[in-house]
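# Examining the three-dimensional arrangement
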Amino acid sequence: MGIHPLIQALIDTSAGTAGGIACVYSGQPFDTAKVKMQTFPKLYNGFVSCLGQTYRAEGMWGLYRGSFPALIANIGENAMLFLCYGFCQRLVARLSHLQEGSRLSNMQMATAGSLAAGFTAIVICPLELVKCRMQAMREMHAAGKTVFTMADCTAVAVTRNVLRVDGLLGLYNGLSSTWMRDMPGYFCFFWGNEVCKTLFTPPGKTKDDLGAFPLLVSGGMAGVFLWVVVYPLDSVKSRIQVMSMSSRQPGFLAATASIIRTDGIMALYSGFTPTIIRAFPANAALFLAYELTRSSLMRRVQ
């Protein structure tokens, strides 16, 4: 007898929430450096310089600025992502005419992840906008592009400002960029995770039998695959979301062309180093927390 769909949804959501919490606290300072360097590529010589300047100017809190919306964003993103991932797996299985209980292939799992990301972007876009603006607030203030002082830079204040100036739709600045980043990105993310787990699985065993170390490595590599593929798209998204604080921004293609024309094509890769350094431990923690939480809950209801 299978698990009731509602119970399965609660299990997937809980496991995704655990993964989101683990992901944020294992790599927030590196994410802060990434956003600053993406938005102001000429301001910092490298991620060590960015971290050092941020620490000297803002203290340890500066490295974790935006961590609350990041935490909410990651919990919301991963809870929604893995909830939709479960539904999309079942959808892909039905469209592929697989028998109940049959395992999806690695490509089918990746396709389910890509479809799930399309829904998740709707949840994550407003939260990422607030996070990115908080992380780049000191630089925007120094450039005279915001009325905020550092003391006023809270998640609530930034959200209120967006709603007052741009209305509800202002929270969705960068939504098309988020879709363009996440749907191919999460295809690579889930494909990388499943391929690595396949390589770790001994003959006669299944992926469900893997221990913590293979899950850590597979999750970490999945994060690396994702960011290698989508990083330039993420740079454009961050620039649009931060700079829309001071002026109306062009669409994704026009914004990309403007960045290349003004700052050069390598500006799309500014902040790449801290992102890749963060990607492995953060996503290793995410998948380990997700897999262990999900398997524990599944055992309890079976």
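Naming follows an unreviewed UniProt entry, where the protein chain appears as Mitochondrial ornithine transporter 1 of Petromyzon marinus. If you open the UniProt record of the protein chain and go to Sequence similarities (unreviewed entry), you find "Belongs to the mitochondrial carrier (TC 2.A.29) family." Check the Subcellular location (unreviewed entry) section of the UniProt entry for the protein chain; it says "Mitochondrion membrane".

## Structural notes on the layout of surface pockets
As a volume, the largest pocket reaches approximately 1600 Å³. If you trace the largest pocket, you find 38 residues lining it, with Gln8, Gln89, Ser102, Arg294 and Met298 closest to the centre. When residues of the lining of the largest pocket are traced back to their parent elements, those giving at least two are helix 1 (5-25), helix 5 (67-95), helix 9 (175-200) and helix 12 (272-301). With eight residues, helix 12 is the largest single contributor of residues to the lining of the largest pocket. A class-by-class count of the residues in the lining of the largest pocket yields 15 nonpolar, 11 polar and 12 charged.

## Description of the packing of helix 2 (residues 28-39) against helix 10 (residues 212-243)
Between helix 2 and helix 10, whose axes approach to 9 Å, the crossing angle comes to 70 degrees. As the angle between them shows, helix 2 and helix 10 are arranged roughly perpendicular. Like other packed secondary-structure pairs, helix 2 and helix 10 cross with a definite hand, here right-handed. Contact with helix 2, carried on its side by Lys34, Gln38 and Thr39, involves Trp227, Tyr231, Asp234, Ser235, Ser238, Arg239, Val242 and Met243 of helix 10 and no other residues of that element. Residues belonging to the contact of helix 2 with helix 10 are distributed by class as follows: four nonpolar, four polar and three charged.

## Focus: helix 8 (residues 155-166)
Over its 12 residues, helix 8 extends 16 Å from the first C-alpha to the last, a length consistent with the 16 Å expected when each residue adds 1.5 Å. Restricting attention to buried positions, one finds in helix 8 the residues Ala155, Val158, Asn161 and Val162. Taken around the axis of helix 8, the buried residues stretch over an arc of 130 degrees, which confines them to a single face. Summarising the geometry of helix 8, the exposed residues directed more than 90 degrees from the buried face are Arg160 and Arg164.

Conventions used here
- Along each chain, residues carry numbers from 1 onward, in the same order as the chain's sequence is written.
- Only residues with pLDDT of at least 70 are given local features in this predicted model, and only at 80 or more are side-chain atom pairs given and counted; all residues enter the totals for whole chains, interfaces and linings.
- Derived side-chain values reflect all non-hydrogen atoms in the structure, with water molecules and hydrogen atoms excluded from consideration.
- UniProt positions are given in the numbering used here, feature names are shortened, and annotations may be inferred rather than shown by experiment.
- The rule is simple: put a 1 Å grid over the protein atoms alone, call a set of points where a 1.4 Å probe fits but cannot get out a cavity, call an open set with protein on both sides within 12 Å along at least five of seven lines a pocket, and count a residue as lining if it has an atom within 4 Å of a point.
- Grid points are joined across faces, edges and corners, and a volume is the space filled by probe spheres set on the points.
- Secondary structure elements follow DSSP: runs of H or I no shorter than four residues count as helices, runs of E no shorter than two count as strands, and numbering proceeds from the N terminus.
- Residues are grouped as follows: Ala, Val, Leu, Ile, Met, Phe, Trp, Tyr, Cys and Pro are nonpolar; Asp, Glu, Lys and Arg are charged; every other residue, Gly included, is polar.
- Lines fitted to the C-alpha atoms define the axes, with helices restricted to the stretch that makes contact. Angles between their N-to-C directions range from 0 to 180 degrees.
- When an angle is under 35 degrees it counts as roughly parallel; over 145 it counts as roughly antiparallel; between 65 and 115 it counts as roughly perpendicular; any other value is oblique.
- Each helix crossing is assigned a hand: it is left-handed if the near helix lies turned anticlockwise from the far helix by less than a right angle, otherwise right-handed if that turn is clockwise.
- Between two residues, a contact is recorded if the distance between any of their heavy atoms is within 4.5 Å.
- To estimate the expected span of a helix, subtract one from its residue number and multiply by 1.5 Å.
- Exposure is judged per residue with a 1.4 Å probe applied to protein chains only, and the accessible area is read against the type maximum: over 50% gives exposed, under 20% gives buried, and values in between give partly exposed.
- Each direction from the helix axis to a C-beta atom contributes to the arc, which is the arc of those directions.

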